[in-house]
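These are the residues of each chain, in order.
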Amino acid sequence: MEIDVLGGIEAAGPVFRFCPSCGSRRIGFVAGRKWSCPDCGFLYFHNVAAAAGVVAEREGAILLLRRAKEPRKGFLALPGGFVEPGESAEDCALRECLEETGWKPDRLEFLASFPNLYEYEGVPYATCDSFFSARFDAGAVAAFAPEPGEVEEILAAPLGKLPWNEIAFDSTRRVLEVYLSAGETSAVQGD
């Protein structure tokens with residue numbers, strides 16, 4: 001299932017009804033990527049946001065988190081989130097994993113990256129989701145602690161029985177497909 005990222009970003013057009021700089025009603029959304037005001041020259045580029053996640057495996061099972069908030073509340077995702085200013089994708093993946101599960105991988109390997117569309121409070125954001133692989137030991141699951149308000153449940157889903165219909169995001173499905181097609185835990189290059 002391939003998402004129409006550009007078509008989704010076009011839906012962001014009506015977000016600004018007035019120019020944030022001068023208040024003009026003539027602000028327009030140009031070429032699906034920027035707002036422009038002809039009255040004062042204000043420009044705002046709706047650039048791609050960076051996100052990072054971790055495909056963590058243990059003995060044939062993948063670590064999945066049940067989301068406790070929108071978007072896609074109740075659906076399953078990998079540990080991950082948005083890259084903060086001044087942070088690398090690797091540092092983001094490690095931080096998010098620790099925040100969401102109470103566990104920080106010892107080592108990450110780049111796996112793949114994919115475009116995604118993340119809608120938050122009616123505003124679609126184009127993202128570039130980078131994924132890394134890691135391993136966790138069998139005893140770690142019992143010690144995992146879901147982040148209150150962010151994660152409802154932490155589970156280890158068997159590779160052969162991944163709950164595809166419960167996966168929250170297209171990029172998560174895609175990276176899991178890449179991971180499974182590699183047939184091993186070695187890193188592979190995405191498209």
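Residues numbered from 1 in each chain as written. Predicted model: local features only at pLDDT ≥ 70, side-chain atom pairs only at ≥ 80, totals over all residues. Heavy atoms only, no water.

Further remarks concern the packing of aromatic side chains. Considering all chains together, one arrives at 11 aromatic pairs under this definition. Centre to centre, the rings of F110 and F132 are 5.8 Å apart; their planes meet at 75°, and the pair counts as edge-to-face. Residue F110 is found in strand β8 (residues 109-120), and its partner F132 is found in strand β9 (residues 123-135); the two are separated by 22 residues along the sequence. A relative accessible area of 33% places F110 in the partly exposed class. Seen in terms of ring centroids, Y118 and F169 are 5.7 Å apart; in terms of plane orientation they differ by 35°. Their pairing is tilted. In this pair, Y118 sits in strand β8 while F169 sits in the loop between β10 (151-158) and α4 (170-182), placing the two residues 51 residues apart along the sequence. A relative accessible area of 15% means that Y118 is categorised as buried. Here a set of aromatic residues connected by ring pairs shows up, and it is made of F16, F29, W35 and Y44. (Phe/Tyr/Trp six-rings, centres within 6.5 Å; stacked < 30°, edge-to-face > 60°. Helix = DSSP H or I, 4+ residues; strand = E, 2+ residues; numbered from the N terminus. Buried < 20%, exposed > 50% of the residue type's maximum accessible area, 1.4 Å probe, protein only.)

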